[in-house]
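Coordinate inspection notes
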Amino acid sequence: MKGRHLVAIIAAVMVLALGPAGFAQTTNPDTFVFVAFGEPDSLDPAYAYDTASGEVIHQCYDNLVAYEKGSVERMVPALATKVPTVANGLISKDGRTVKFPIRTGVKFHDGSVLTPEDVEYTFERAMLSDPAGGPVWMFFEPLFGVQTLKDLACKVAGLDKIDDMTKLDPAVLRKVYDAVDKSVEVEGGNVVFHLASSYPPFLQILAKGASWGAILSKKWMTTHGAWDGKPDTWIKWYDPPKEEMALYDVAMGTGPFKLTKWDKSGGQIIFERFDGYWRGPAKLKTAFIKYIDEYNTRKLMLQTGEADAIMISPMYLDQVKAIPGAVVQEHLPAITNTALLFNYTIPVKGNEDIVGSGKLDGKGVPSNFFNDVHVRRAFNYAFDYDAYINEVALGQGSKPHGPIPAILPYCDKSQEWYGHDLKKAADEFKAAFGGELWKKGFQLSILYNTGNDNRKTAAEILEANIERINPKFKIEVQGVQWATYLDKLRASALPVFFMGWHMDFPDAHNFVFPYMHSAGAFAGYCGADMIKLAKQEFDDLIAKGISTTDPAARAKVYEALQKKAYAQAIALFYVDAQDQRVYRDWVKGYVFNPAYSANYDFYEVWKEVK
């Protein structure tokens, strides 16, 4: 933190020295500085599942295919020389076999040459490690029709449940490996995927922007402590702690930039151009991503030219529009939404700083606080959606209709989500826990990651409205570092948590699954009772939606899921957000792509000397 404070002081001094901000000019045309907030969780593509991590991985790796500039539909080859289609014969007529011809002559950052075996290793290693709560479910679903490696092990071993994978018989472990091995195979210069059934968005799952599809070097991985590639050893690397994964804080890809250093104490990541890049060297030589939570410091760095681009919340757009030479792009069509999710089974022991007494006694909340649908509905009614969208998002978004963003097909826009109504909120609170909650009250802490002022304000809106309903209701809003927030989230310790869901691929399935399926990305954070509810109410419908290619049938499925999401108040969906970018006018070549978690593709942008 000392380093970041120093940056703030230097920036302030520079403003005084330079006088009017209009005198700012680029000082180094070869170096790009992007100032954001929220540091990465992990740089290992098999583990990383947050946009901050994806932003870094994007610069250092390539995928098999990529999106044409600005498009989320049209694809171009990348490490594969062709985009597979049924027409070119690389996708079988039944859609279950997909073949990628692998490009030759591509080098990794260490000088080694890409092979089809590297591609095979990348996907097999990801599936065999399968970090809990990570992105690898997107490989298991199309390839096996399951969500996790444990599900696959149950399937091949004929078991209903596995408590501990490490205690499985070696013969079963070998069967698991064999199944994974057969799903991704090398045939000459091609890599072939064998799917369980036709899966329309499969290519999107592998495309650039999907950090989990970044291609790794088998040789580098096996010599740096990762799975050795042998059939009978993989269990040693199953679901590892993130810090023990080979690529936790380093990178080794074929992408246009090498990772020089993740400077955690200084709050920055440093990139250096890879001159051996197969598409030719980038125009930029060096790039920085600096993480500074405090907005005014980011703004000052933009004013002085110390930063070429900054991440800001919509509430500050008017301020940066007034900076001479600042370019502001707003109302960008992001395919994303933001919600407050509930933990239906809150752990109490060791979590007293958040849930207080852990009882329904007015001094805390019980473990099953959000398992009562009346509490969930009350929270939804207590939120002032219009105030948030107009005054916090400053119109950079719209009120959701449920878990599926309105921009996507199959969102039923005739269905309304909850509205702000404190009387209805009070009625729901009075109905909760047989009336005991209203009589005794509760105390609860809502955490947000520091620097994310939108989440802070959303929490404060809830705090103010709920405390107005009943003086016995107490909410405390607390800011914590992003890494701390994620650690508590992964431990399922948060009673409620903010989560923005940026699409993995542009399909309604990619929103109903994480929010509503028992094996979705958030299910583990929402507790055992949420998983139970999902199995009873949602899972079968979700499976039906992805297994049919009939648009009319799919529309009916997602309409039904939307109604169920409302009836159960599964979460508090409060904005279908739009995006914005803020950068200096000397930055050229920028094209927005909603499929990228990276705010800027350092290969595409450059700086014009003034």
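Every chain begins its residue count from 1, and numbering advances along the sequence as written. Restriction of local features to residues with pLDDT of at least 70 applies here, the model being predicted, together with a cutoff of 80 or more for giving and counting side-chain atom pairs; totals for whole chains, interfaces and linings are based on all residues. Hydrogens are left out, water is left out, and the side-chain values use all remaining heavy atoms of the structure.

1. Topic: the overall build of the protein
Labels follow the DSSP assignment, with helices taken as runs of H or I lasting at least four residues and strands as runs of E lasting at least two, numbered in each case from the N terminus. Counting its regular elements, the protein contains 22 helices and 20 strands. On C-alpha atoms alone, the protein measures out to a radius of gyration of 24 Å, which is about the 25 Å that the 2.2 N^0.38 rule sets for 610 residues. For the protein, the C-alpha atoms occupy an extent of roughly 70 × 70 × 45 Å along the three principal directions. Between buried and exposed lies partly exposed: a residue is buried under 20% and exposed over 50% of the maximum accessible area for its type, with that area taken using a 1.4 Å probe on protein chains only. With 610 residues in all, the protein has 59% of them scored as buried. If you sum the accessible surface of the protein, you get close to 23400 Å²; carbon and sulfur atoms cover 52% of it. Between the mean site of the 66 positive side-chain charges and the mean site of the 74 negative ones, the protein shows a separation of 0 Å. Computation of the radius of gyration draws on C-alpha atoms, with the globule rule given as 2.2 Å multiplied by the number of residues to the power 0.38. Residue exposure ignores everything except the shown protein chains as possible cover, and the areas themselves are Shrake-Rupley values with a 1.4 Å probe. Positive charges come from Lys and Arg alone, negative charges from Asp and Glu alone, with His and the N- and C-terminal ends not counted. The atoms used to mark charge sites are NZ of Lys, CZ of Arg, CG of Asp and CD of Glu.

2. Here we look at the environment of glycine 133
Take glycine 133: it is sitting in the loop between α3 (116-129) and α4 (137-144). Residue class for glycine 133 comes out partly exposed when judged on its relative accessible area of 34%. Between the alpha carbons of glycine 133 and alanine 519 there is a distance of 9.2 Å; along the sequence they are 386 residues apart. Any pair of residues with heavy atoms lying within 4.5 Å of one another is described as a contacting pair. Once residues lying within four places of it in the same chain are set aside, the contact partners of glycine 133 are Tyr49, Arg490 and Tyr525.

3. Structural notes on the nonpolar core
Side-chain atoms within 4.5 Å are what join buried Ala, Val, Leu, Ile, Met, Phe, Trp, Tyr and Cys residues into a set we call a nonpolar core. By size, the foremost hydrophobic cluster in this structure holds 198 residues, and its most contacted members are Leu64, Phe193, Trp234 and Phe379. Not counting the four nearest positions on each side in its chain, tryptophan 234 is found in contact with Leu128, Leu149, Met165, Leu173, Val176, Tyr177 and Trp227. Core analysis: the next-biggest nonpolar cluster, separate from the first, contains 17 residues, Leu302, Ile312, Tyr316 and Val320 among them.

4. Details of the side chain of asparagine 337
Among the structural elements, asparagine 337 can be located in strand β12 (residues 336-342). Polar contact is defined as a pair of N or O atoms within 3.5 Å, subject to the rule that within protein one atom must be able to donate a hydrogen and the other to accept it, and that residues adjacent in sequence are counted only when both atoms are side-chain atoms. Here the side chain of asparagine 337 touches tyrosine 515 through a polar contact of 2.7 Å, side chain to side chain. With near-sequence residues (within four places) excluded, asparagine 337 lies in contact with Gly402, Pro403, Pro405, Met499, Gly500, Trp501, Phe511, Tyr515, Phe573, Val575, Asp576 and Ala577.

5. Some remarks on α4
α4 sits mainly inside the fold: eight of its eight residues count as buried. Just downstream of α4 lies glycine 145, where phi reads positive at about 75 degrees.

6. Considerations on unusual backbone geometry
Non-glycine residue histidine 331 carries a positive phi angle of around 55 degrees. Positionally, histidine 331 belongs in strand β11 (residues 326-332). Looking at histidine 331, the relative accessible area reads 44%, which means it is partly exposed. Unlike most non-glycine residues, phenylalanine 433 shows phi in positive territory, near 50 degrees. Mapped onto the fold, phenylalanine 433 is located in the loop between α14 (422-431) and α15 (436-440).

7. Considering the pairing of strand β8 (residues 268-273)
Strand pairing requires that DSSP identify at least two bridges connecting the strands. Sheet analysis places strand β7 (residues 257-263) next to β8, joined by six bridges and oriented antiparallel. Residue lysine 258 lies in a different strand from β8, and its bridge partner there is glutamate 272. Where β7 hands over to β8, the hairpin turn is made up of four residues, of which glycine 267 adopts a positive phi near 65 degrees. The pairing of β8 with strand β9 (residues 286-291) spans five bridges and is antiparallel. Looking at β9, one finds that isoleucine 269 is bridged to isoleucine 289.

8. Side note on the packing of aromatic side chains
The relative placement of two aromatic rings is captured by the distance of their centres and the angle of their planes. Note on aromatic pairs: the rings of Phe, Tyr and Trp (six-membered ring only in Trp) are paired at centre separations within 6.5 Å, and the planes decide the class, stacked below 30 degrees, edge-to-face beyond 60, tilted for the rest. One pass over the structure, following the stated rule, counts 50 aromatic pairs. The interplanar angle of 20 degrees and the centroid separation of 4.9 Å between the aromatic rings of phenylalanine 342 and phenylalanine 370 together place this pair among those described as stacked. With phenylalanine 342 in strand β12 and phenylalanine 370 in the loop between α11 (352-355) and α12 (373-382), this pair connects stretches of sequence that are 28 residues apart. By relative accessible area, which is 0% here, phenylalanine 342 ends up buried. A residue is classified by how much of its surface remains accessible, and phenylalanine 370, at 0% relative accessible area, is buried. Positioned over the ring face of tyrosine 385 is lysine 399, at 5.0 Å from the centre of the ring. Each ring is checked for a lysine NZ or an arginine CZ that lies within 6 Å of its centre and within 35 degrees of its normal; such an atom marks a charge sitting over the ring.

9. Observations concerning empty space enclosed by the protein
Each cavity reported here is a set of points on a 1 Å grid over the protein atoms alone in which a 1.4 Å probe fits but cannot get out, each pocket an open set with protein on both sides within 12 Å along at least five of seven lines, and each lining residue one with an atom within 4 Å of a point. Grid points are joined across faces, edges and corners, and a volume is the space filled by probe spheres set on the points. By the definition in use, this model includes four cavities of 30 Å³ or more. Reported here for the second largest cavity is a volume of approximately 50 Å³. As for the second largest cavity, its lining consists of Gly54, Ile57, His58, Tyr61, Asn63, Lys208, Gly209, Ala210, Ser211, Ala214 and Ser597. A breakdown of the residues in the lining of the second largest cavity according to their chemical character gives four nonpolar, six polar and one charged. Each residue is assigned to one class: nonpolar for Ala, Val, Leu, Ile, Met, Phe, Trp, Tyr, Cys and Pro, charged for Asp, Glu, Lys and Arg, and polar for all the others, Gly among them.

10. Section: the sheet that holds β12
Pairing is antiparallel across the open sheet formed by four strands, whose spatial order is β13-β17-β12-β16. Two strands lie at the open edges of the sheet, namely β13 (397-398) and β16 (496-502), each paired on one side alone. As defined by bridge partners, β12 adjoins β16 across seven bridges and the pair is classed as antiparallel. Residue pairing in the sheet places phenylalanine 342 in a bridge with valine 496 of β16. Strands in contact with helix α13 (residues 385-392) are β13 and β17 (571-577); relative to β17, the strand with the most contacts, it is inclined by about 30 degrees. Whenever a helix is involved, its axis is fitted only over the stretch in contact; in every case the axis is a line through C-alpha atoms, and angles between N-to-C directions fall within 0 to 180 degrees.

11. Comments concerning the pairing of strand β15 (residues 473-480)
Pairing of strand β14 (residues 442-449) with β15 involves eight bridges; the strand directions are parallel. Directly across from leucine 447, in β15, lies its bridge partner glutamine 478. Remark: the β14/helix α16 (residues 453-469)/β15 crossover connection has right-handed handedness. Handedness is read with the strands pointing away from the viewer; a crossover is right-handed when the path from the first strand over the helix to the second is clockwise.

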